[in-house]
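Examining the three-dimensional arrangement
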Amino acid sequence: MAKNKLAKFAEMETLENVFQPTHEEVFRTDYKLKGKWGEQIFGNDHPIVLEVGCGKGEYSVGLGELYPEKNFIGLDIKGARMWTGAKTAKEKGMKNVVFLRTHAEELESIFAPGEVSEIWITFPDPQMAKARKRLTGTRFLSLYRKFLKEDGLIHLKTDSPFLYQYTAELVKANHLPVNVNTDDLYGVGLDDKILGIKTFYERQWLSRGKTIKYIQFSLAGSFQLMEPEIDIEKDDYHSETQFMTR
């Protein structure tokens, strides 16, 4: 492992805005902060917004700056990337942004029912071969339901035509309420201040002529979610960030 990664991991242990629960703290047991994030970490009862797969944390930090009346938690398992956002938030003195290093599969152990108001999923691996691993698939949406408020929102931002169409078809098949659905976020003239936040990888995709897709929907109801019964054309390029210049 490169020395700079080791240094980042070591510093992560000292950052007060980073939480790294052990396997024993979250596997089939409730994490000590479950149901207490607002009171014990943020010191308020403001809405909590979770970014699943936050990478370098640019989006969590950007949203935290735009919405000081909300609390933001960036989740990822890759600590070396998360270090960037955690350091930035600390240096800016941001009290409404923290980071959580763990697997998304453990979220039910970490958040209580209704504790999270919104979920952002920004440029995830589309997992074209494995629906079970897609962060907008029925497995994960069913998981989000366990801690998302009843009228809570899901935001997906992606460059992947496959993941965008898959998610749109899943939402349609399950009759979930949709607020925004566009396959060209920056080309439709949407007036929203969140458009000013662009991650490192998003800027790279835009520079390569890729359009950015965005869906905002509500995960309403308690019925069993169905996978869409439709064949979706696979992307003809690698959407994973590991294939891009850092």
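It should be noted that the structure appears before, not after, this text.
Residue positions are counted from 1 within each chain, in the order its sequence is given. Where totals are concerned, whole chains, interfaces and linings use all residues; where local detail is concerned, this predicted model gives features only for residues with pLDDT of at least 70, and gives and counts side-chain atom pairs only at 80 or more. Values shown for side chains rest on all heavy atoms present in the structure; no hydrogens or waters enter the calculation.

We treat two strands as partners when DSSP finds at least two bridges between them. A run of H or I in DSSP counts as a helix once it spans at least four residues, and a run of E counts as a strand once it spans at least two, with each numbered from the N terminus. If you trace the eight strands from one edge of the open sheet to the other, you get 1-4-3-2-5-6-8-7, paired in mixed fashion. Edge positions in the sheet fall to strand 1 (18-19) and strand 7 (178-182), since each has one partner strand and no second. Lying on the sheet, helix 5 (residues 79-91) is in contact with strand 1, strand 3 (71-76) and strand 4 (97-101); it crosses strand 4 at an angle near 165°. Its contacts with the sheet place helix 7 (residues 138-145) against strand 2 (48-52), strand 5 (116-122), strand 6 (148-158) and strand 8 (213-218), and it is angled at close to 140° to strand 6. In this analysis, two residues are considered to be in contact whenever any of their non-hydrogen atoms come within 4.5 Å of each other. For helices, the fitted axis covers only the stretch in contact; all axes are lines through C-alpha atoms, and the angles between them, taken along N-to-C directions, range from 0 to 180 degrees.

Our focus in this paragraph is the pattern of salt bridges. Salt bridges are identified by distance alone: a Lys or Arg side-chain nitrogen within 4 Å of an Asp or Glu carboxyl oxygen. A full pass over the atoms with the stated rule returns eight salt bridges. Between Lys70 and Glu118 there is a salt bridge; the shortest N-O distance is 2.7 Å. Here Lys70 is found in the loop between helix 4 (58-66) and strand 3, whereas its partner Glu118 is found in strand 5, with 48 residues between them in sequence. Remark: exposure states derive from per-residue accessible area (1.4 Å probe, protein chains only) relative to the maximum for the residue type, with buried under 20%, exposed over 50%, and partly exposed in between. Relative accessible area serves as the criterion here: at 19%, Lys70 is assigned to the buried category.

To continue, consider helix 8 (residues 161-173). Count 3.6 residues to each turn of an α-helix, and residues three or four apart come out pointing the same way. With 13 residues, helix 8 should reach 18 Å at 1.5 Å per residue; the first-to-last C-alpha distance of 18 Å fits that figure. Where helix 8 is concerned, the buried positions are Phe162, Leu163, Tyr164, Tyr166, Thr167, Leu170 and Val171. Buried residues along helix 8 sit in contact with helix 7, strand 6, strand 7 and strand 8. Phi turns positive, to about 55°, at His175, one or two residues after helix 8. To estimate how far a helix should reach, multiply one less than its number of residues by 1.5 Å.

The next point concerns the environment of Glu105. Here Glu105 is to be found in the loop between strand 4 and helix 6 (107-110). In this structure the C-alpha to C-alpha distance between Glu105 and Tyr31, which are 74 residues apart in sequence, comes to 13 Å. Those residues within four positions of Glu105 in sequence are excluded, and the remaining contacts are Arg139, Phe140 and Leu143.

Attention now moves to the packing of aromatic side chains. Any Phe, Tyr or Trp ring, taking Trp's six-membered ring, that has another such ring centre within 6.5 Å forms a pair; planes under 30 degrees apart are called stacked, those over 60 apart edge-to-face, and the others tilted. Per the counting criterion, the structure on display carries ten aromatic pairs. Their ring planes at 45° and their centres at 5.0 Å tell us that Tyr59 and Trp120 sit as a pair that is tilted. Taken as a pair, Tyr59 in helix 4 and Trp120 in strand 5 lie far apart in primary sequence, 61 residues in all. With respect to class, Tyr59 is no different from Trp120; both count as buried. Here the aromatic rings of Trp120 and Tyr214 are separated by 5.9 Å at their centres, their planes lie at 20°, and the arrangement is stacked. Taken together, the residues span a long stretch of sequence, with Trp120 in strand 5 and Tyr214 in strand 8 at a distance of 94 residues.

A few words now on the side chain of Asp159. Structurally, Asp159 is set in the loop between strand 6 and helix 8. A distance of 3.2 Å separates a polar atom in the side chain of Asp159 from a polar atom in the side chain of Trp205. Each polar contact in these results corresponds to two N or O atoms within 3.5 Å; when the atoms are within protein, one needs to be able to donate a hydrogen and the other to accept it, and residues that are neighboring in sequence are counted only if both atoms are side-chain atoms.

Side-chain atoms within 4.5 Å link the members of a nonpolar core, which is a set of buried Ala, Val, Leu, Ile, Met, Phe, Trp, Tyr and Cys residues. Formed by 41 residues in total, the largest nonpolar core has its most connected members in Trp37, Leu50, Val52, Leu107, Phe111, Ile119 and Tyr144. Once residues lying within four places of it in the same chain are set aside, the contact partners of Leu50 are Ile73, Leu75, Leu107, Phe111, Val116, Glu118, Ile119, Trp120 and Phe147. Leu15, Met82, Phe123 and Tyr214 belong to the second largest nonpolar core, which has 27 residues in total.

This paragraph deals with the pairing of strand 4. Judged by how many residues are buried, strand 4 sits mostly within the fold: four of five residues are covered. Both strand 1 and strand 4 contribute to a ladder of two bridges, which runs parallel. Opposite Phe19, over in strand 4, you have Leu100 as the bridge partner. Direction of pairing for strand 3 relative to strand 4: parallel, over a ladder of five bridges. Following the sheet pairing, Ile73 is matched in strand 4 by Val98. Handedness of a crossover is defined as follows: with both strands directed away from the viewer, a clockwise route from the first strand across the helix to the second makes it right-handed. Regarding topology, helix 5 serves as the crossover connection from strand 3 to the parallel strand 4, and that connection is right-handed.

Time to look at unusual backbone geometry. At Arg28, a position not held by glycine, the phi torsion is positive, near 55°. Mapped onto the elements, Arg28 comes out in the loop between helix 2 (23-26) and helix 3 (37-42). The phi torsion at Gln127 lies on the positive side, around 50°, for a residue other than glycine. Note that Gln127 resides in the loop between strand 5 and helix 7. By relative accessible area, Gln127 is classed as buried at 17%.

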